[in-house]
Amino acid sequence: MSLDRRVRVVFGLLLFPLPLAVAAEPPIRLKSPDGRLAVTFRLDPQGRPTFEVSRSGKPVAAGSLGLEFADGGPIREGLKVIGERRESRDETYKIPVGKASSARDHHNEVVVSLAEAAASGRRFDVAFRAFDDGVAFRYLIPKPGDFVLVDEQTELSFPGDPTAHALPLDSYTTPYEKYYETLPAAAIGPDRLIGLPILLERPGGPWVAVTEANLTDYAGMYLAGVPGSPGVLRSKLSPLPGRADRAKVVGKGPHPSPWRIVMIADDPGRLLESNLIFHLSDPPAIADTSWIKPGKTTFPWWNGYVLDGVDFQPGVNTATMKAYIDFAAENGIPYHSLDGLDIAWYGGPIQPKGPTDVTKAAPSIDMPELLAYAKKKGVRLRLWMHWKALKPQIEEAFATYERWGIEGVMVDFMDRDDQEMVRFYQEMASRAAAHHLTLTLHGAYKPTGLERTWPNVLTYEAALNQEYNKWQPKGVKGTPPYHNLDIAFIRGIAGPLDYHHGGMRNVLPEDYRFRDKAPPVQGTRGHQLAMYVVYLDHLPMMADSPTAYLGQPGLDFLVEVPTTWDETRVLRAEFGRCLVVARRKADAWYLGGMTAVEPRDLVIPLDFLKTPCDADIQTDDPTIGPTALLRRRERVSPTDALKIAVPRDGGFVARLKPRP
């Protein structure tokens, strides 16, 4: 039964009277398929809905639930259970674009129906799902008719005084471009606004991550401390702009909230392997996905349109675009991006104060000539745009781009995840799909599974990105290697990441100096190459200038490494220190490893291989400098282990293919 069908069944049941529960209500328990995880739901003596999550009998998380509406105030206590419904699923589904080509959704579910004991009798329901690697819950608002939700009353706590690896944000108007902080969860006060995912580390384990999935026609969720209750985190929903009534979500019942996810694993690597966000998102809305072709793209804005040895002024003009198209064609890069400097390719300012026509190129760009040239070279074009310029003419623009043969668009500067913006994401994804366009989102909120429903959504930013090596506002130190690992361990839990890959001007952090044009990147060449495997990105950039790549070690790996995968395994995960990821495409495995702060002598067992392989390994050569690589080839079997010395702030890549 499909998820939509199941939701309709639940709502259908709620339209009919259900028998009242007895006064002394027993706990409602739900277990994961393997029996290790358990959720126990109960009403406390005040009639407040609460739950606990345990693993192998040991507590992992606890929470309390409630909703607050503009009409009638909070529904949080004085509740009774009026119904219960259970269901299970064990389904393997295909993934057109992702970290794996298929995933198994195996879970048990219970839906608990609650009503106020008072005469008002207001109601809501809570659905819990238990998987082997986590639990999830969401609210179901069954009441037909209009509602205005002021906030959720969701609170979460975690035993054992865990350490939180968290993203503190300044406001709800945010592109998530901040550094992560490590602090006791109990130190997160009510004045902090924490973006998701949040990663919680407890001595002796397990590791826990909290995020959300299937954010659809709702407000994005954040966390903050609760006054007087250290260690308790309360949900905070992004407010609708321009309203005086504190509204967060306006809609008609029946209406589900997004899923609130508590992921649980023995080490953080297992969290990166998890498909929970996909399991909890709506299945693909696109029947034919054959036209979606993940691949690499140039992105000249990042390097400042640098071109050496040319007889024209590089910039947003036809000659420059042709030179980048030539580079892409010569190196097997399928896409070239038209973005902009102070002026976008469509002639308007980068941050428009009003609508700008995104169907007409700037005078410096001869679009018909450029389209014909790119087609002749076998390279497809992508277009960057500000969302405010796109929104007024989205259908006209996307239809025009389809006629032009454009591959896809990058939309930027949304910087919000209130209900209105969440709806616009859905509109962009669906309209782009209707016109066979892929979509990349910058200035964006974190992924919540939209890319399962709309596989043409290839990647998101939602991170302090390597563009921050270009400038240095107060308090910014670029993207040092430890930040790159924070991004991998925390932001990587949520989904695909666009991170301005491919910088060739590698420096160690102590030698870093920001520069707008031809910026440096922090960490060794191996560190940067490894991002193409460690980070999940279905449209990774080759963001440096063409001349920066010529003759450089590692270029062949960048050109060859795939951008969508059949299988993903995390082979080593030391938070903040080292991460090694292996991803399979067909019968070839690609490995990437990154370090920060300290060097590592790695011994990597190859027992995930099925047959002997030829290994092509590229590692840093610190005796020469951060741009130098050593390359070796060896034959390996499933009983072998790779031995790799990785310097501080370094990395490595490897390709393992079965022997012919």
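### Examining the overall build of the protein
Each helix and strand in the protein was counted, giving 14 helices and 36 strands. For the protein, the spread of C-alpha atoms along the principal axes amounts to about 85 × 60 × 50 Å. Considering the protein as a whole, with its 660 residues, one finds that 62% of them fall into the buried category. Within the protein, counting contacts between residues at least 6 apart in sequence, those at least 24 apart form 71% of the total. Where the 78 positive side-chain charges of the protein centre and where its 81 negative ones centre are 2 Å apart.

### Looking at the environment of A247
Positionally, A247 belongs in the loop between strand 17 (229-237) and strand 18 (249-256). We classify A247 as buried; its relative accessible area is 1%. Along the sequence, A247 and G340 sit 93 residues apart, while their C-alpha atoms lie 37 Å from each other. Once residues within four sequence positions are removed from consideration, A247 is found in contact with V148, L149, P239 and L240.

### Some points on the packing of aromatic side chains
Tallying each qualifying case throughout the model produces 28 aromatic pairs. Ring centres of W345 and W404 lie 6.4 Å apart, and the angle between their planes is 75 degrees; this geometry places the pair in the edge-to-face category. Highlighted residues: W345 in the loop between strand 21 (335-338) and helix 6 (367-377) and W404 in helix 8 (residues 394-404), separated in sequence by 59 residues. With a relative accessible area of 0%, W345 lands in the buried category. Ring centres of W565 and Y590 lie 5.9 Å apart, and the angle between their planes is 65 degrees; on these two criteria the pair is classed as edge-to-face. Highlighted residues: W565 in the loop between helix 14 (555-560) and strand 29 (567-574) and Y590 in strand 31 (residues 588-595), separated in sequence by 25 residues. By the burial criterion, W565 is buried, and Y590 matches it.

### A look at the confidence of the model for the protein
Looking at the protein, the pLDDT average stands at 94 and 96% of residues meet or exceed 70. Note that residues 1-23 has pLDDT below 50 and, in this model, 40 contacts with residues that lie over four places away or in other chains.

### Observations concerning helix 11 (residues 481-494)
Counted at 1.5 Å a residue, the expected span for helix 11 with its 14 residues is 20 Å, and the 20 Å between its end C-alpha atoms agrees. Along its length, helix 11 reaches its greatest deviation from straightness, about 30 degrees, at A488. Across the 14 residues that make up helix 11, a large majority, 12, are buried. Among the residues of helix 11, P481, H483, N484, L485, D486, I487, A488, F489, I490, R491, I493 and A494 are the ones counted as buried. In the segment just after helix 11, G495 is the residue with positive phi, at about 150 degrees.

### Focus on the pairing of strand 23 (residues 408-412)
Counting buried residues along strand 23, five of its five residues qualify, which places the element largely inside the surrounding structure. Alternating positions in strand 23 separate into two faces, G408, M410 and D412 on one and V409 and V411 on the other, with burial throughout. Direction of pairing for strand 22 (residues 380-386) relative to strand 23: parallel, over a ladder of five bridges. Within strand 23, the residue paired with W384 across the bridge is M410. Across four bridges, the pairing between strand 23 and strand 24 (residues 438-441) is parallel. In the sheet register, G408 faces strand 24, and the bridge partner there is T438. A crossover connection joins strand 23 to the parallel strand 24 through helix 9 (residues 419-434); in handedness this β-α-β unit is right-handed.

### A closer look at the pattern of salt bridges
Opposite charge on two side chains permits pairing when their charged atoms draw close. This model, assessed by the stated rule, comprises 50 salt bridges. When the shortest N-O distance is used, the salt bridge between E155 and R234 registers 2.4 Å. Of the two residues, E155 is situated in strand 11 (residues 155-157) and R234 in strand 17; the sequence distance between them amounts to 79 residues. Assessed through its relative accessible area of 26%, R234 is described here as partly exposed. Salt-bridge contacts for R505 lead to D544; the nearest nitrogen and oxygen are separated by 2.3 Å. Of the two residues, R505 is situated in the loop between helix 11 and strand 26 (506-507) and D544 in the loop between strand 28 (541-542) and helix 13 (546-549); the sequence distance between them amounts to 39 residues. For R505, a relative accessible area of 22% gives the class partly exposed. Assessed through its relative accessible area of 1%, D544 is described here as buried. Residues participating in the shared-partner salt-bridge network are D556, E560, D616, R631, R633, R655 and K657.

### Some thoughts on helix 6
Along helix 6, the positions that sit buried rather than exposed are M367, L370, L371, Y373 and A374. Along the long axis of helix 6, the arc covered by the buried residues comes to 165 degrees, so they all point the same way. Away from its buried face by more than 90 degrees, helix 6 exposes P368, K375 and K376. If you follow the buried residues of helix 6, they end up packed against helix 5 (318-330), strand 21, strand 22 and helix 8.

Here is what the cut-offs are and how they apply
Residues numbered from 1 in each chain as written. Predicted model: local features only at pLDDT ≥ 70, side-chain atom pairs only at ≥ 80, totals over all residues. Heavy atoms only, no water. Helix = DSSP H or I, 4+ residues; strand = E, 2+ residues; numbered from the N terminus. Buried < 20%, exposed > 50% of the residue type's maximum accessible area, 1.4 Å probe, protein only. Contact = heavy atoms within 4.5 Å. Lys, Arg positive; Asp, Glu negative; His and termini not counted. Charge placed at Lys NZ, Arg CZ, Asp CG, Glu CD. Phe/Tyr/Trp six-rings, centres within 6.5 Å; stacked < 30°, edge-to-face > 60°. pLDDT = per-residue confidence, 0-100. Expected span 1.5 Å × (residues − 1). Bend = angle between axes of the 7 residues up to and from the residue. Pairing = 2+ DSSP bridges. Right-handed = clockwise from strand over helix to strand, strands pointing away. Salt bridge = Lys/Arg side-chain N within 4 Å of Asp/Glu carboxyl O. Arc of directions from axis to C-beta.

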